[in-house]
Amino acid sequence: MGNIIGNIIVAVILVAIVVAAVAKIIVEKKKGAKCIGCPYGKGSEGGYGCCCSLHNDTEVN
Amino acid sequence: MKIALAGNPNSGKTTLFNAITGRIERVGNWPGVTIEKKEGPVKKNLAGGKTNIVVVDLPGTYSMSPFTQEEDITRSFIKYEKPDVIINIVDATNLSRSLFFTTQLLELGIPVIVALNKSDLNRKKGTVINVQALSERLKCPVIETIATSGRNNGLKELISTALKIRGTKQEAPFVGKVANSNDKSEIEAVDRQRFEFVKSVVSEVEIKKHDDNRLSRQDAADRIIAHRWLGIPIFAVVMWGVFSISQAYLGPFLADIFVGWIDAFHAWVEGILGEGVSPVLRSILLDGIIGGVGAVVGFLPLIMVLFFLLALLEDCGYMARVAVVMDRFLKKVGLSGKSIIPIIIGTGCAVPGVMATRTIKNDRQRRTTAMLTPFMPCGAKLPVIALFSGVFFNDSPWVGTLMYFVAVALIIAGALIIVRITGERNAKTYFIMELPEYRFPSLKRAAISMLSRGKAFIIRAGTIILLCNVVVNLMQSFDWSLHVVEEGAENTSILASIASPFAVLLIPLGFGAWQLAAAAITGFIAKENVVGTLAVVYSITNFIDTEEFELVGGATNVAGVMGLTSVAALAYLMFNLFTTPCFAAIGAMRAEMENKKWFWGGIAFQLCIGYTVAFITYQFGTLFTTGAFGTAFLPGLAVVIIMMSVIAYFAGKGEQKAAVKATLRA
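Colleague: Before we move on, can you summarise the overall build of chain B with the specific residues and values?
Modeller: For chain B, the count of helices and strands is 26 helices and 9 strands. Against the compact-globule benchmark of 26 Å for 666 residues, chain B has a radius of gyration of 28 Å, which places it among compact chains. Within the span of chain B, comprising 666 residues, buried residues form 52% of the whole. Considering only intrachain contacts with a sequence separation of at least 6, the fraction spanning at least 24 residues in chain B is 72%.

Colleague: I'd love a proper account of the confidence of the model for chain B, names of residues and values included.
Modeller: Residues and elements named next belong to chain B. Averaged over all residues, the pLDDT of chain B is 86; the fraction at 70 or higher stands at 92%. Predicted confidence in chain B is weakest over strand S9 (residues 428–429), with a mean pLDDT of 62, and strongest over helix H23 (residues 566–578), with 96. Two numbers describe this predicted complex: its pTM, 0.78, and its ipTM, 0.75.

Colleague: Describe in detail the nonpolar core, supporting the description with residues and values.
Modeller: All names here are of chain B. Ranked by size, the top nonpolar core spans 151 residues in total, and within it Val-351 and Ala-571 carry the most contacts. Of all the elements, helix H18 (residues 443–477) adds the most residues to this core, at 14 residues. Listed in part, the 49 residues of the second largest apolar core include Val-56, Ile-73, Val-112 and Ile-113.

Colleague: Any details on the domain arrangement of chain B? Residues and values, ideally.
Modeller: Accessible area lost on assembly of the parts is the figure often given for the size of an interface. In terms of domain boundaries, chain B breaks down into domain 1 (2–207) and domain 2 (231–665). Here the C-alpha centre of domain 2 of chain B lies 41 Å away from the C-alpha centre of domain 1 of chain B.

Colleague: An account of the sheet that holds strand S4 (residues 85–91) of chain B is needed here, citing residue identities and associated values.
Modeller: Residues and elements named next belong to chain B. Judged by pairing direction, the sheet is mixed, and its 6 strands sit side by side in the order S2-S3-S1-S4-S5-S7 without closing on themselves. The strands lining the two open edges of the sheet, one partner per strand, are strand S2 (38–41) and strand S7 (142–144). Within this sheet the neighbouring strands show an average axis-to-axis angle of 25°, counted without direction. Pairing of S4 with strand S5 (residues 112–117) involves 6 bridges; the strand directions are parallel. Counterpart to Ile-87 in the pairing with S5 is Ile-113. The sheet strands contacting helix H6 (residues 155–165) are strand S1 (2–7), S4, S5 and S7, and the helix crosses S5 at an angle near 170°.

Colleague: Outline unusual backbone geometry, supporting the account with residue identities and numerical values.
Modeller: Residue and element names in this part refer to chain B. Its identity as a non-glycine residue notwithstanding, Lys-118 has a phi of 60°, on the positive side. Residue position: Lys-118 is located in the loop between S5 and helix H4 (119–125). Not every positive phi belongs to a glycine, and Asn-394 is a case in point at roughly 50°. Looking at where Asn-394 falls in the secondary structure, it is placed in the loop between helix H16 (382–392) and helix H17 (397–422).

Colleague: If you had to explain helix H25 (residues 596–626) of chain B to someone new, which residues and values would you point to?
Modeller: The terminal C-alpha atoms of H25(B) lie 44 Å apart, and with 31 residues this matches the ideal 45 Å at 1.5 Å per residue to within 8%. The positive-phi residue at the C-terminal boundary of H25(B) is B:Gly627, with phi of around 90°.

Colleague: Which residues make up the packing of helix H20 (residues 514–522) of chain B against helix H21 (residues 529–537) of chain B, and what are the values?
Modeller: All names here are of chain B. Between H20 and H21, the least distance of the axes is 8 Å, while the angle of their chain directions is 145°. Once H20 is placed against H21, the crossing between them reads as right-handed. On H21, the residues that touch Gln-515, Ala-518, Ala-519, Ala-520 and Thr-522 of H20 are Asn-529, Val-530, Thr-533, Leu-534 and Val-537. Partitioned by chemical class, the residues of the contact of H20 with H21 number 6 nonpolar, 4 polar and no charged.

Colleague: Please provide a residue-by-residue account of the packing of H16(B) against H17(B), values included.
Modeller: All names here are of chain B. One can describe the packing of H16 onto H17 by two numbers: an axis separation of 8 Å at closest approach and a directional angle of 135°. Of the possible angle classes, the one that applies to H16 and H17 is oblique. Handedness of the H16/H17 crossing: right-handed. In this structure, H16 contributes Ile-385, Phe-388 and Ser-389 to the contact, and H17 contributes Val-399, Gly-400 and Met-403.

Colleague: Outline the pairing of S1(B), listing residues and values.
Modeller: Residues and elements named next belong to chain B. Within S1, 5 of the 6 residues are buried, which leaves it mostly tucked inside the rest of the structure. Looking at chain direction, S1 and strand S3 (residues 54–57) are connected through 4 bridges and run parallel. Residue pairing for S3: Ala-4 is matched across the bridge by Val-56. As judged from the 5 bridges shared by S1 and S4, these two strands associate in the parallel manner. Looking at S4, one finds that Ala-4 is bridged to Ile-86.

Colleague: Lay out the environment of B:Gly22 in plain terms, naming residues and giving numbers.
Modeller: Among the secondary structure elements, B:Gly22 is positioned in the loop between helix H1 (13–21) and S2. With 383 residues separating them along the chain, B:Gly22 and B:Phe405 place their C-alpha atoms 36 Å apart.

Colleague: So, the environment of B:Glu206: which residues are in play, and what are the values?
Modeller: Residues and elements named next belong to chain B. Within the secondary structure, Glu-206 sits in strand S8 (residues 206–207). What makes Glu-206 partly exposed here is the crowd of 17 C-beta atoms within 10 Å. The spatial distance from the C-alpha of Glu-206 to the C-alpha of Val-128 is 5.8 Å, given a sequence separation of 78 residues. Among all residues touching Glu-206, those that are not within four sequence positions of it are Leu-95, Thr-127 and Ile-129.

Colleague: Lay out the environment of B:Pro377 in plain terms, naming residues and giving numbers.
Modeller: All names here are of chain B. Mapping Pro-377 onto the fold places it in the loop between helix H15 (363–372) and H16. With 200 residues separating them in the primary sequence, Pro-377 and Leu-577 have C-alpha atoms 6.7 Å apart. Aside from chain neighbours lying at most four places away, what touches Pro-377 is Thr-347, Leu-382, Ile-385, Met-403, Tyr-404, Ala-407 and Leu-577.

Colleague: Outline H23(B), supporting the account with residue identities and numerical values.
Modeller: Residues and elements named next belong to chain B. Spanning 13 residues, H23 covers 18 Å between terminal C-alpha atoms, matching the ideal 18 Å at 1.5 Å per step. Listed in full, the buried residues belonging to H23 are Val-567, Ala-568, Ala-569, Leu-570, Ala-571, Tyr-572, Leu-573, Met-574, Phe-575, Asn-576, Leu-577 and Phe-578. Buried residues in H23 make contact with H16, H17, H20, H21 and H25.

Criteria and thresholds
Residues numbered from 1 in each chain as written. Chains lettered and ligands numbered in written order. Predicted model: local features only at pLDDT ≥ 70, side-chain atom pairs only at ≥ 80, totals over all residues. Helix = DSSP H or I, 4+ residues; strand = E, 2+ residues; numbered from the N terminus. Rg over C-alpha atoms; globule rule 2.2 N^0.38 Å. Buried ≥ 20, exposed ≤ 12 C-beta atoms within 10 Å, placed from the backbone. Contact = placed C-beta atoms within 7 Å. pLDDT = per-residue confidence, 0-100. Core = buried A, V, L, I, M, F, W, Y, C linked by C-beta atoms within 7 Å. Domains from an automatic or database assignment. Pairing = 2+ DSSP bridges. Axes fitted to C-alpha atoms, helices over the stretch in contact; angles between N-to-C directions. Expected span 1.5 Å × (residues − 1). Left-handed = near helix turned anticlockwise from the far one by under 90°. Nonpolar A, V, L, I, M, F, W, Y, C, P; charged D, E, K, R; others polar. Parallel < 35°, antiparallel > 145°, perpendicular 65-115°, else oblique.

Rendered as structure tokens:
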């Protein structure tokens, strides 16, 4: 009986850890993170600079 | 209320933005760090309790006439989004250049405040700016700021002035004639008039102490540090020093303490679980989560010391010199001068590095840079480097240094190959980068950079790495009939059966064990996973202080457990570092390349490079150390020859294309 309760507690802890990790990933993704955790890997927040097709530095052929 | 921060590159806009909003956006002591706009609310204590004030950090620009994509973002925002107030950040140490843009902003009819930033540096140089006179000449408020300082930085006054002048009208001190945009001489004439006006303002308000010695000292230092040839060995020595401190001295000292805590926690949990808990649950918790994540997190002190030192190097202005040294090579192989920016950003994380390629106009150069940037050792690869240099090379700082140089060599070689495949060898671009002055690096800024990257490392360990370790542990614990695999029979597990076919392909590279193949595969999810998976599959909870641990398989050290020679270990490290990057970076590549052919070609190219580099390292390394080639030399050679033939075929087609283009041009 003790073992069953022990196993259930460990299983619940494991599920909680996994759910928390998945939830954190979902939250980060919703915030626009392209690389989880990376403070500089987020997409632009206002649309500017996001996949702009205008590229115009100096080119000499 | 919306406040825009606009100014020249490297005037300190993002530093000011971070100080005003409390955020930690990436700053760098070189121009071009910000490539897109960023928004954030003003800190309550600066805004007098108001919460509706939003500050927008814009990429640096020299004028309102867009020349680069970043400049166009700034111009478009100011022109079309119409912020309520513009804070024009002016580099007080370079007043004459900065005011050109200021006069253009003052013509727009939006209230402008000039933030005279870096005022502290001016004081140190003995330069005096008459703020009152400048304000009168520009007909707008001018406030001295020190964005890097926590106190007396002028930020409160800056925000309160912004609130006061909102909705007011300002008279432009200089109104340029509207020039015909197609008439170059007319534009130049207007610009000349503007420069004359700026010159007259500066001559009235600035008293500069000419310190020729200071300038000549900077120049003399640059003549050595940014020298075309001397710069390379200097960079090698600097990186060796950085890796020595982070991986041989201070880093391991801190890591030993940290790992001790993780071990104690592991033992504590093990004690609580006792013997009654199911072996599978016990294994997931102890080996998968605590062991696997702990093995990765154990490297945190080493990584943080490394990040701290790299941030110091960047802040003092050294990394800008490295960019100058490397830029020469990149331009010679057909890359854009701007390619150096993504590559340097890629040393932190490949994702923002790849994203930074969007400022490169030429499609081929942009896509090539996006394909090659992930070769740079990013933060996620550092634990892998630290693990292998520690376990197989006695913490030698040369391993880490070597990885940076191999990465640069591969970028150059890769660019040379791609330029031939595309047949666009003649396209050359010029990129002018203003070198920041050398300065004493800020410990605070370096600490902030270190902490934000350390936090990112922990978040990744607690999310992606943790989940992967759980999955790896489950796949190792069960066979396909979902029966628990008995100890010693791990070869029958789901993980082993999936990884084994890949392991066969890796035999010519010196690491044909399924455990190593599994770790390399999970590395595609996140590179730190290589360490985490190795910890799980070999049941090693600690890669740093292994003396007190009983290792599996009767081996007395980690190298013995893995069954690798030093040469094979180096090949394995190179394979993981220089093959296709993690999925996040792959996603960024897809977005920036905007072309399926380039994208899939890039993935295949990266795989080929990783395989070939590992093959050469293992086979020739084994030849040099033992006098004979390693295992499966001929099959491996056949694979490499096939891959190289495919590349050569496409390069040949590219040559033909180039020849046709040259004929048409002639």
